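An overview of the molecular structure
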Amino acid sequence: MVQFSQTFLDKVRRMTRKYLRTGFRDSLRVFVQGGKGGNGLPKFGGVGGNGGNVFVVGTENITLEDVFKSNKTKRYVAPSGRHASHNFILGPPGEDLKFEVPVGVTLITDLGKKLGEINEEGQEMLIAKGGTGGHPKNGFLGTKGQAYPVKLDLKLIADIGLVGFPNAGKSTLLKAISDAKPKIASYPFTTVRPNVGIITYKDLRQISMADLPGLIEGAHANRGMGHQFLKHVERTKLILMIVDIDGFQLGPQYPRRDCIETIMLLIRELELYNLDLLKKPAMLLVNKMDTEGSFEKYEAIRDRLKNLEGCLLEYPHDICPSEVLKFHDIIPISAKDDLHDVMLVKDRLRKLLDVLAEREAKEEEEEENVELYGKLKRSVSERGPSLV
Ligand SMILES: Nc1nc2c(ncn2[C@@H]2O[C@H](COP(=O)(O)OP(=O)(O)OP(=O)(O)O)[C@@H](O)[C@H]2O)c(=O)[nH]1
Ligand SMILES: [Mg+2]
């Protein structure tokens, strides 16, 4: 009995916080090491084989959890090159070691140096070079391969990122608009890990939307857990901000923030996390328009919503960002009860993303033209005009 309760207590003590138990892993630290170079054979001028390199390969449809499960030691060490010998004057090299990582991973060293990003299926990146085999210049002694810990930092790649305070209705909207089945509840912090849903249109075009845990005031200073998920917003094409028409209050001891204040605070958190986020295209949804008095409340703030920049001076600067997000659309909706509203949002999102894609394609084309013109100019100045 004593033993049983001791084991039980140990188990309880070992339990991690709930959001850490959800199995969502968005970073993983691994150790990588290139193989050692084989030694040469001075007597016969033999050269040792080079050590194998370590590569990562981008793969869709795997998670960092899969990477962890497939190698719980978290060590990736490539084989050494073989020593030169009588039979092998040139020692055979060690084989390269390749391991799969999810697309969307950034590789960072412990010193914070970014080694690179994996953005496409099949993309390969060398992360630890094998040592050189022994030869006359290194005294026939093979050198060690590169070895260091690397953090695999995953940023979800979704077209749209939902941003809002807890309880605003982010998951409700995701559920109504996409194939995702997120947990919805009347208490804050229901969503504890990012959730991606796919919105499918009649012409079968698909757009992905990521529901992120709610942000709170001071998130930039690591309050709450929404902040650690803000990195996922960095990769989205569009920020979809969702606020409650009634605003938000974290608890009785915290101030109640009205609708405009919640917008300002959310923009401020984005700004404090990464100023570049404010350059992203954005859309604002004012939710819970089915609740009592919501229509009047919306009418009362309508003009200020249209001119958020003008509101910046109205609030103390610890609430306000230095500039505002430029919302392409501001739509009052009821995510829970009004399918028509949800369909309108679905339609507007598609239109906006299409316009953005078109603009991007045009910019790329212009860039290519400038490059092409530059090449032409250079070749003319080098070779003179071509005679036809
Ligand atoms: N009346 C009304 N209630 C809504 C609406 N949308 C969401 N709710 C309710 O608001 C509560 C919170 O909804 P969620 O979708 O879980 O909110 P969330 O933003 O995902 O919250 P967190 O995951 O905690 O960040 C739930 O009780 C929903 O039923 C709406 O349009 N009208
Ligand atoms: Mg939620």
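Residues numbered from 1 in each chain as written. Chains lettered and ligands numbered in written order. Predicted model: local features only at pLDDT ≥ 70, side-chain atom pairs only at ≥ 80, totals over all residues.

As annotated in an unreviewed UniProt entry, the protein chain carries the name GTP-binding protein 10 homolog and is attributed to Exocentrus adspersus.

**Here's the deal with the overall build of the protein chain**
Quick reminder of the rule: The numbering of helices and of strands both runs from the N terminus, where a helix is a DSSP run of H or I of at least 4 residues and a strand a run of E of at least 2. Any residue with 12 or fewer other C-beta atoms within 10 Å of its own C-beta is exposed, any with 20 or more is buried, and the rest are partly exposed; the C-beta atoms used are placed from the backbone. Two residues qualify as a contact pair if the distance between their C-beta atoms, derived from the backbone, is within 7 Å.
The helix and strand inventory of the protein chain stands at 7 helices and 14 strands. Over its C-alpha atoms, taken along the principal directions, the protein chain stretches across nearly 95 × 95 × 45 Å. A buried classification covers 38% of the 388 residues belonging to the protein chain. A sequence separation of at least 24 residues applies to 70% of the contacts in the protein chain between residues at least 6 apart.

**Some thoughts on the pairing of strand 6 (residues 114-118)**
Going by this rule: One requirement defines pairing of two strands: DSSP has to find at least two bridges between them.
Alignment of strand 5 (residues 105-109) against strand 6, held across 4 bridges, turns out to be antiparallel. Residue pairing in the sheet places isoleucine 108 in a bridge with lysine 114 of strand 6.

**Thoughts on the sheet that holds strand 7 (residues 124-128)**
This is how it is decided: Inter-axis angles, ranging from 0 to 180 degrees, are taken between N-to-C directions of lines fitted to C-alpha atoms, where helices are fitted over the stretch in contact.
Taken in spatial order, the 3 strands make up an open sheet running 4-2-7, and their pairing is mixed. Looking at which strands have only one partner, the edges of the open sheet turn out to be strand 4 (97-102) and strand 7. Pairs of neighbouring strands in the sheet enclose a mean axial angle of 35°, with direction left out of account. Of the pairings in the sheet, the one linking strand 2 (residues 54-59) to strand 7 comprises 4 bridges and is antiparallel in character. Bridge pairing in strand 7 links phenylalanine 55 to leucine 126.

**A closer look at the sheet that holds strand 9 (residues 160-163)**
The 6 strands lie next to each other as 10-11-9-12-13-14, forming an open sheet whose pairing is mixed. With partners counted over all chains shown, the strands left at the sheet margins are strand 10 (195-200) and strand 14 (327-332), one partner each. Recorded for the sheet is a direction-independent mean angle of 20° between the axes of neighbouring strands.

**Examining the site of ligand 1**
The condition that has to hold: Working rule for contacts: place C-beta from the backbone, and if it is within 6 Å of a molecule or strand, that residue counts as near it. Residues are grouped as follows: Ala, Val, Leu, Ile, Met, Phe, Trp, Tyr, Cys and Pro are nonpolar; Asp, Glu, Lys and Arg are charged; every other residue, Gly included, is polar.
Among the 25 residues in the neighbourhood of ligand 1, the closest are listed as Gly169, Ser171, Thr172, Thr191 and Gly214. Here the shell around ligand 1 takes 3 residues from helix 3 (residues 170-177), the largest share from any one element. Looking at the shell around ligand 1 residue by residue, the class counts come to 8 nonpolar, 12 polar and 5 charged.

**Comments concerning helix 4 (residues 259-273)**
Since the α-helix turns once every 3.6 residues, residues separated by three or four places project in the same direction. So the rule is basically this: In this analysis, the expected span of each helix is defined as 1.5 Å times one less than the number of residues it contains.
The terminal C-alpha atoms of helix 4, which comprises 15 residues, lie 21 Å apart, in line with the 21 Å expected from a rise of 1.5 Å per residue. Most of helix 4 sits out of view: 11 of its 15 residues are buried. Cys259, Glu261, Thr262, Ile263, Met264, Leu265, Leu266, Ile267, Arg268, Glu269 and Leu270 are the residues of helix 4 that are buried. Check the buried side of helix 4 and you find it contacts strand 9, strand 12 (238-244), strand 13 (282-287), helix 5 (294-306) and helix 6 (308-311).

**Focus: helix 5**
Put simply, the rule is: Fitting axes to the seven residues that end at a residue and to the seven that start at it, the angle between those axes gives the bend at that residue.
The end-to-end C-alpha distance of helix 5 is 17 Å, a good match for the 18 Å that 13 residues give at a rise of 1.5 Å each. Helix geometry: helix 5 is bent most strongly at alanine 300, by close to 40°.

**A look at the environment of lysine 346**
For lysine 346, the position within the fold is in helix 7 (residues 339-383). We classify lysine 346 as partly exposed; it has 18 C-beta atoms within 10 Å. Separated by 259 residues in the primary sequence, lysine 346 and asparagine 87 have C-alpha atoms spaced 69 Å apart.

**Comments concerning the domain arrangement of the protein chain**
Formally: In this entry, domain limits derive from an automatic or database-based domain assignment.
For the protein chain, the domain assignment lists domain 1 (19-154) and domain 2 (160-357). Using only C-alpha atoms to locate each centre, domain 1 and domain 2 end up separated by 42 Å.

**Examining the nonpolar core**
Basically, it comes down to this: When buried Ala, Val, Leu, Ile, Met, Phe, Trp, Tyr and Cys residues are joined through C-beta atoms within 7 Å, the set is termed a nonpolar core.
Counting 55 residues, the largest nonpolar core has Met209 and Met241 as its most contacted members. Breaking this core down by element, the ones donating at least two residues are strand 9, helix 3, strand 10, strand 11 (206-211), strand 12, helix 4, strand 13 and helix 7. At 7 residues, the largest contribution of residues to this core is made by helix 4. With residues up to four places along the chain from it excluded, the contact list for methionine 209 reads Ala158, Asp159, Ile160, Leu162, Leu174, Ile177, Ser178, Val196, Gly197 and Ile199. In this structure, Leu64, Ile127, Val150 and Leu152 belong to the second largest nonpolar core, which totals 19 residues.

**Details of the environment of glycine 38**
With respect to the helices and strands, the residue glycine 38 is situated in the loop between strand 1 (27-33) and strand 2. Residues glycine 38 and glycine 91, 53 residues apart in the sequence, show an inter-C-alpha distance of 6.9 Å. Setting aside residues up to four positions removed in sequence, glycine 38 forms contacts with Gly48, Gly49, Ser80, Gly81, Arg82, His83, Ala84, Gly91, Gly133, Gly134 and Gly142.

**Focus: the pairing of strand 10**
In this structure, strand 10 lies alongside strand 11, joined through 6 bridges in antiparallel fashion. Bridge pairing in strand 11 places glycine 197 opposite methionine 209.

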